Amino acid sequence: MLLSRTSFPLGSPLRNLLSTVVLAGLLAWAPAARAACPQPYPGDQLVNDLQVMQLSLRNLDEATFAAAGKRLDTGIACMSSAAPSPVFASAYRYIGAWHFMVNNDPVAAGRWFRTALEIDPTYAWDATELDLAHPMRELFEVERQNAPNGLTKIEGKIVNQPAGSKVTLDGRPLEEAAATLDRPHVVQQVASDRGVRGSWLIEGNDIPAQFLRGEMDPAPSETPEVADTKKKKPKKGSENLTQSSEGLQVQTIQRLRPGEKTPLMIGGVLGIVGAGGVYAASFATRSQFDQANTTEDLEKTRTMTNALVLASGGVLLAGLGIGYWGIILDGGGGVGIAGHF
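Residues numbered from 1 in each chain as written. Predicted model: local features only at pLDDT ≥ 70, side-chain atom pairs only at ≥ 80, totals over all residues. Heavy atoms only, no water.

With respect to the overall build of the protein chain
In terms of helices and strands, the protein chain carries eight helices and eleven strands. For the protein chain, with 341 residues in total, the buried portion stands at 43%. Nonlocal contacts in the protein chain, meaning residues at least 24 apart in sequence, comprise 72% of its contacts between residues at least 6 apart. As displayed, the protein chain has an accessible area near 17600 Å², and 58% of this comes from carbon and sulfur atoms. (Helix = DSSP H or I, 4+ residues; strand = E, 2+ residues; numbered from the N terminus. Buried < 20%, exposed > 50% of the residue type's maximum accessible area, 1.4 Å probe, protein only. Contact = heavy atoms within 4.5 Å. Areas by Shrake-Rupley, 256 points an atom, 1.4 Å probe, with all protein chains shown as cover.)

Below, the structure is given as structure tokens:
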């Protein structure tokens, strides 16, 4: 099957489905305990699948993208490694893309995009990763508006932190019995040694009962192991996934400027300037038209003037297009995936 960036791979036009996405009933997702998984989903497999999906999306390799997406979609509830929130945001984006492109399911895709954008609201697909005309971009932007709808608290409940562990929601500490609705989340119990004692895929704020207690219930006795040391947030830039003895981590790497970016931007400027020059030339032929004394001269100068005006418009459009592509080209947006184990 020959693919183009606008057709990759299977989704029907999104414009006719947006009202369905908004109005359709959401799927009921039961919480999935890691113990019920056929096998754990380790950090090295997660990183590998994210790398494969990113590269296959760029290369329009539908079969590879579909296989890695299925592993990621199945494994996200079975994670055996602790991960920070940027890793979850990347995973959720690609699960959403897999649902949209392979399963032709924009409703499921939108739910995953919603959680990804809740974690990373500034993310935008790179032009080299997803064609500007791809219908998935429109759904992604719709969900950008739906993402920040606020936490919904479980009435009468507070978080019950297990001794020697902490509970995380999408890689962030779960500090109150609340989560955003109408989207999936992953809850993890992470021990003080960063080992994962359990992972659960939940719907909305359906937090597992063992991590909740009544507001009036006595607090359990705390141990020194419960204390959580705060880490500095990474600086802005692309993020490189690694795994160490403390689980998956995020490293900051500098975004690379594509070699073709500057020539494209310069070419765009030159095109715009050139359009002005061509249009200016039409003034001279217009003057000759006004001064013509014969029918032959009138026809000749009229044709030349109109041709120059049309040519200037074409050069201007070409210059704007080339310059715009140079501006949006950023050498790979989002999380740059690379694993070191």
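Quick word on the nonpolar core
Core analysis: the biggest nonpolar cluster contains 41 residues, and Leu72 and Trp125 have the highest contact counts within it. For this core, the secondary structure elements donating two or more residues are helix H2 (43-59), helix H3 (62-75), helix H4 (85-101), helix H5 (106-119) and helix H6 (135-146). Among the elements that make up this core, the one with the highest residue count is H4 (eleven residues). Other than its neighbours up to four places away in sequence, leucine 72 contacts Tyr41, Leu46, Asp49, Leu50, Met53, Ala91, Tyr94 and Ile95. (Core = buried A, V, L, I, M, F, W, Y, C linked by side-chain atoms within 4.5 Å.)

A word on the confidence of the model for the protein chain
Residues with a pLDDT of 70 or more make up 65% of the protein chain, whose mean pLDDT is 75. Low pLDDT (under 50) marks residues 222-246, which in the prediction has 63 contacts with non-local residues, meaning those over four places away or in another chain. Note that pLDDT drops below 50 for residues 331-341; the model gives that stretch 53 contacts with residues more than four away or on any other chain. (pLDDT = per-residue confidence, 0-100.)

Focus on the pattern of salt bridges
Side chains carrying opposite charge are able to pair once their charged atoms draw close together. In total, this model carries eight salt bridges according to the counting rule given. Salt bridges sharing common partners tie together Glu118, Arg172 and Arg183. (Salt bridge = Lys/Arg side-chain N within 4 Å of Asp/Glu carboxyl O.)

Concerning the packing of aromatic side chains
This model, assessed by the stated rule, comprises eight aromatic pairs. Pairing phenylalanine 88 with tyrosine 92 gives two aromatic rings, centres 5.8 Å apart and planes at 50 degrees, and the pair type is tilted. Note that phenylalanine 88 and tyrosine 92 are positioned in helix H4 at a spacing of four residues, about one turn of the helix. Tyrosine 92 shares its class with phenylalanine 88; the two are buried. Relative to phenylalanine 140, the ring of phenylalanine 113 lies with its centre 5.1 Å away and its plane at 80 degrees, an arrangement referred to as edge-to-face. On the criterion of sequence distance, the pair formed by phenylalanine 113 in helix H5 and phenylalanine 140 in helix H6 is long-range, its members being 27 residues apart. (Phe/Tyr/Trp six-rings, centres within 6.5 Å; stacked < 30°, edge-to-face > 60°.)

Comments concerning the environment of leucine 72
Within the secondary structure, leucine 72 is located in helix H3. Exposure remark for leucine 72: the relative accessible area of 0% places this residue in the buried category. Considering only alpha carbons, one finds leucine 72 and asparagine 48, 24 residues apart in sequence, at a separation of 9.8 Å.

Thoughts on the layout of surface pockets
By volume, the second largest pocket amounts to about 370 Å³. In this structure, the second largest pocket is lined by 17 residues; those nearest its centre are Glu118, Leu151, Leu169, Arg172 and Pro173. When contributions to the lining of the second largest pocket are tallied by element, the ones reaching two or more residues are H5 and strand E5 (172-173). For the lining of the second largest pocket, a count of residues per class yields nine nonpolar, three polar and five charged. (1 Å grid on protein atoms, 1.4 Å probe; cavity = no way out; pocket = protein on both sides within 12 Å on 5 of 7 lines; lining within 4 Å. Points joined across faces, edges and corners; volume = space filled by probe spheres on them. Nonpolar A, V, L, I, M, F, W, Y, C, P; charged D, E, K, R; others polar.)

Overview of unusual backbone geometry
What is expected of a backbone is that most residues other than glycine have negative phi and most peptide bonds are trans. A positive phi angle is found at leucine 60, which is not glycine, with a value near 60 degrees. Among the structural elements, leucine 60 can be located in the loop between H2 and H3. Residue class for leucine 60 comes out partly exposed when judged on its relative accessible area of 21%. Within the chain, aspartate 182 stands out as a residue other than glycine whose phi angle is a positive 60 degrees. Looking at the element boundaries, aspartate 182 is found in the loop between strand E6 (178-179) and strand E7 (184-191). Aspartate 182 sits in the partly exposed class, given a relative accessible area of 36%.

Regarding H6
Side chains three or four residues apart in an α-helix point the same way, a direct result of the helix having 3.6 residues per turn. Here H6 contains twelve residues, and its C-alpha end-to-end distance of 18 Å stays within 8% of the 16 Å for a straight helix at 1.5 Å per residue. For H6, every residue scored as buried is listed here: Pro135, Met136, Arg137, Leu139, Phe140, Glu143 and Arg144. (Expected span 1.5 Å × (residues − 1).)

Quick notes on H3
Across its 14 residues, H3 extends 20 Å between first and last C-alpha, which sits within 8% of the 20 Å expected from 1.5 Å per residue. Looking at H3, one finds that the buried residues are Glu62, Phe65, Ala66, Ala68, Gly69, Leu72 and Gly75.

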